[in-house]
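The residues making up each chain are set out below.
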Amino acid sequence: MLPYKHEPFTDFSNKENIKAFNEALEFVNSQLGKEYPLTIGGEKVTTDEKIVSTNPANKEEVIGIVSKANKDLAEKAMQAAVTSFETWKKFNPETRAHIILRAATMLRHRKHEFSAYLVKEAGKPWKEADADTAEAIDFLEYYSRQMLKLKDGIPVQSREGELNQFNYIPLGVGVIISPFNFPLAIMAGTTVAAIVSGNTVLLKPANTTPVVAAKFVELLEEAGLPAGVVNFIPGSGAEIGDYLVDHPKTRFISFTGSRDVGCRIYERAAKVNPGQIWLKRVIAEMGGKDTVLVDKDADLDLAAASIVYSAFGFSGQKCSAGSRAVIHQDVYDEVLEKAVSLTKTLSLGNPEDVNTYMGPVIDKAAFNKIMSYIEIGKEEGKLMTGGEGDAAKGYFIQPTIFADVNEKARIMQEEIFGPVVAVCKAQDFDHMLEIANNTEYGLTGALLSNNREHIERAREEFHVGNLYFNRGCTGAIVGYQPFGGFNMSGTDSKAGGPDYLILHMQAKTTSEMF
Ligand code: NAP
C-alpha cells in the first residue's frame, strides 16, 4: 500500500476542472428534494417527521428531506449498535481498514459530487467545499493506515519464560455528534475513526446538514460496511442528544461543536446511570477565538492576507477562524489599511459561482447572532468595512472589520462564528502575547514575524493547540498538522494525528508464563 499523502486540492484555474465541477453541480441540482431515510441495523426507516434541509444561499430551495429520529428510534439504533458490536469487534482490523480504504477510493472518484452537495447544503464556495471533501478522503486514508499500525499492539518487555503483550481493543458503542461547518470532513472523520477501531456507532449529524451525511452513509454501505456498524439517526440535538449521551450502553461520545453543548455533554457523560458498568469517554472538540499576531518586522502584505483569509474563509464559520488580529503599534495603521483594502476585493454571493469568495452563513439563527455581534462591535470598535447583512434570499453578511477594539471587549473574547474580525493594537511583543492568551479558548493562532527570538518565545508561550508561523491560522491538514485545542476549545484530541485512534480503544495487557 502506498504511504499516506494528503489529497491535493483541485486547481480551479484549470478549465477542465471548472467544467467537471459545474457538471457535478448540475447533477446535484437534478437530485434536489430527494428523501433520505434513517439507517438502523441496516434497515431503512422512514419517519413521518422530517428535517427539511434548505440551501442557505437560497432558502426557498430544498436540498433534501430527511427522516428524523426521535427517542424511540434512537433506542432502536442503540440496540442495533450493541448487537452489531459483537460481530464487528471480531472483524480482522485489516478487513476493517480495507473497507474504509475502499470508501476513500470511491469518495475520491465522486469528489466533485460530494463537494457540490457541500456548496448547496452548507453554502461553501468551491474552494472550501473541495477542501472539505479532500479532508474527508484524508481522514479515511489516514485512520485506516493508523489502524494497520496499531493492529498488533505495541511491543513491551518480557522476561525469560514469560510472554507479555499489549494490545488495543475497541470500546463499544460510540455516539458521534458532528457540526455543520465541516459537514463531510468532521462527520466522516469522527465516524470512521470510531468504526475502523472496531466500535459501532450512532451518527447524529448537524440538523442543518443531514443530506451530505446521508450520502456518506450510502457510500459506506456501497463500500461493503456491514449493517449495524453505522446507525444513521439525524435528529434534533436538543431532542435526542441528552438521551444518547445519558444512555447506559453509550461507551463513548465523540462530539465536535460549540463550547456550551460540549460542556453539557461532558458533564452529563460523567454521571453513571443505572445499568451502566463503565465510565464514559468523551472526545469534545469545541469552539475557538483564534488570534493572528502581527509583529513590527513582519512581511506586512503577508500579514494582511493572513488576517483576511483566516477571518473570512467560509464566512468565518471555522473553529480555527482568525476572528481577532493583534497588531504591533508601529505597523498597526499600515496593516489595517492593507487588510481593509484586501477585504473590499472579496466577492460575496452565490457559492455556486466559481468566482465567489464568500457565500452565506448557515441559517437564520446564525445570521441573527452574527448581526447582533455586529451591533455590539459598533459600540466596541470602529467599523472599517462591511457591517451589513441581507437575509432576503439567503443569509449573506459582508466581511466585516472592526478596528481599535479593546483587548477585553466582547468581540475580542466571544466566538462569533461569522465573517467578523476584531483588530486590536498592542504596545510591544509582550503585550501581543498577553492578549493572545487572554481568552478562555486555546485552539489556533498565528504569528507573523521575522524575529527569531519572538518566534521561539511564541512557540513556548502562545497557548494554543495549533500554532502557525508566517501564515494564517486555518487549514490544518490531516497527518501534517494534527488538530485540536486547549482550555475551553476541548479535549485536544488532535484529529488527524497519531494519537487519535487510541482515544477510541482501550489497551489490554496479557502475560503468559511458559
Ligand atoms: P453546535 O450547535 O454545538 O452543534 C454541534 C452538534 O451538537 C450538532 O449535531 C447539534 O445538533 C448537536 N447538539 C445540539 N444540542 C445538543 C445536546 N443537548 N446534546 C447533544 N448534541 C447536541 O455547533 P455547530 O453550530 O454545529 O458548530 C459550530 C461550533 O463547532 C463552533 O463553536 C465551532 O468552533 C465548533 N467546532 C469546533 C471544531 C474543533 O475541532 N474544535 C471543529 C468544527 C467546529 P443540532 O444541529 O440538531 O442542534
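Residues numbered from 1 in each chain as written. Predicted model: local features only at pLDDT ≥ 70, side-chain atom pairs only at ≥ 80, totals over all residues. Heavy atoms only, no water.

**Here's the deal with the overall build of the chain**
- Helix and strand counts for the chain stand at 15 helices and 23 strands.
- Taken over C-alpha atoms, the radius of gyration comes to 23 Å for the chain, in line with the 24 Å a tight globule of 514 residues would show.
- For the chain, the residues scored as buried account for 59% of the 514 residues in total.
- Counting contacts in the chain only where the partners sit at least 6 residues apart, residues at least 24 apart contribute 76% of the total.
- Carbon together with sulfur atoms contributes 51% to the accessible area of the chain, which is approximately 20,500 Å² in total. (Helix = DSSP H or I, 4+ residues; strand = E, 2+ residues; numbered from the N terminus. Rg over C-alpha atoms; globule rule 2.2 N^0.38 Å. Buried < 20%, exposed > 50% of the residue type's maximum accessible area, 1.4 Å probe, protein only. Contact = heavy atoms within 4.5 Å. Areas by Shrake-Rupley, 256 points an atom, 1.4 Å probe, with all protein chains shown as cover.)

**Quick notes on the pairing of strand 18 (residues 420–426)**
- Across the seven residues of strand 18, six count as buried, placing the element largely inside the fold.
- Relative to strand 18, strand 13 (residues 322–328) is paired through five bridges, and the arrangement is parallel. When the bridges of strand 18 are listed, H328 appears paired with A426. (Pairing = 2+ DSSP bridges.)

**Some words on the domain arrangement of the chain**
- Domain boundaries assigned for the chain yield domain 1 (18–286 + 492–513) and domain 2 (290–477).
- Inter-centroid distance (C-alpha atoms) of domain 1 to domain 2 is 31 Å.
- At the junction of the two partners, domain 1 supplies 26 residues and domain 2 supplies 32 residues.
- In total, about 2,300 Å² of surface goes out of reach between domain 1 and domain 2, with carbon and sulfur atoms giving 60% of it.
- Put simply, domain 1 and domain 2 have three salt bridges between them.
- Across the pair K318 and E128 runs a salt bridge, and its minimum N-O distance is 3.0 Å.
- The interface formed by domain 1 and domain 2 contains 12 residue pairs in polar contact (both at pLDDT 80 or more).
- Of all the secondary-structure elements, those providing two or more residues to the side of domain 1 that touches domain 2 are helix 1 (15–30), strand 5 (58–67), helix 4 (111–122) and helix 5 (126–150). (Domains from an automatic or database assignment. Buried area = accessible area lost by both parts, 1.4 Å probe. Salt bridge = Lys/Arg side-chain N within 4 Å of Asp/Glu carboxyl O. Polar contact = N/O pair within 3.5 Å; in protein donor to acceptor, adjacent residues only side chain to side chain.)

**What about empty space enclosed by the protein?**
- Tallied over the entire structure, the rule returns two cavities of 30 Å³ or more.
- Space inside the largest cavity adds up to approximately 70 Å³.
- Along the walls of the largest cavity sit 16 residues, with G316, K318, A321, S323 and F417 positioned nearest its centre.
- Classifying every residue of the lining of the largest cavity by side-chain character gives six nonpolar, five polar and five charged.
- Taken as a whole, the second largest cavity encloses approximately 40 Å³ of empty space.
- In this structure, the second largest cavity is lined by K289, D290, T291, R324, A436, T439, Y441, G442, L443, T444 and V464.
- Of all the secondary-structure elements, those providing two or more residues to the lining of the second largest cavity are strand 12 (290–294) and strand 19 (441–442).
- Here the lining of the second largest cavity is composed, by residue class, of four nonpolar, four polar and three charged. (1 Å grid on protein atoms, 1.4 Å probe; cavity = no way out; pocket = protein on both sides within 12 Å on 5 of 7 lines; lining within 4 Å. Points joined across faces, edges and corners; volume = space filled by probe spheres on them. Nonpolar A, V, L, I, M, F, W, Y, C, P; charged D, E, K, R; others polar.)

**A few points about the pattern of salt bridges**
- Counted under the stated rule, the structure contains 34 salt bridges.
- Note that E35 and K50 form a salt bridge whose closest N and O atoms lie 3.4 Å from each other. Of this pair, E35 sits in strand 1 (residues 34–36) while K50 sits in strand 4 (residues 50–55), placing them 15 residues apart in sequence.
- Note that K76 and E43 form a salt bridge whose closest N and O atoms lie 3.6 Å from each other.

**As for the sheet that holds strand 5**
- The strand order across the open sheet formed by three strands is 1-5-4, and the pairing between neighbours is mixed. At either margin of the open sheet sits one strand with a lone partner, and together these are strand 1 and strand 4. Strand after strand, the sheet turns through a mean of 35 degrees between neighbouring axes, direction not considered.
- In terms of strand pairing, strand 1 meets strand 5 through three bridges, oriented parallel. (Axes fitted to C-alpha atoms, helices over the stretch in contact; angles between N-to-C directions.)

**Thoughts on the site of the ligand**
- Every one of the 32 residues lining the ligand counts as a neighbour, but S178, G237, S258, M286 and E415 are closest to it.
- At a separation of 2.8 Å, an oxygen atom of the ligand approaches a polar backbone atom of S178.
- The backbone of G235 places a nitrogen or oxygen atom 3.5 Å from an oxygen atom of the ligand.
- Against a free-state accessible area of 910 Å², the protein chains account for coverage of 86% of the ligand.
- Where the shell around the ligand is concerned, the elements lending two or more residues are helix 8 (237–246), strand 10 (250–256) and helix 9 (259–269). (Near = heavy atom within 4 Å.)

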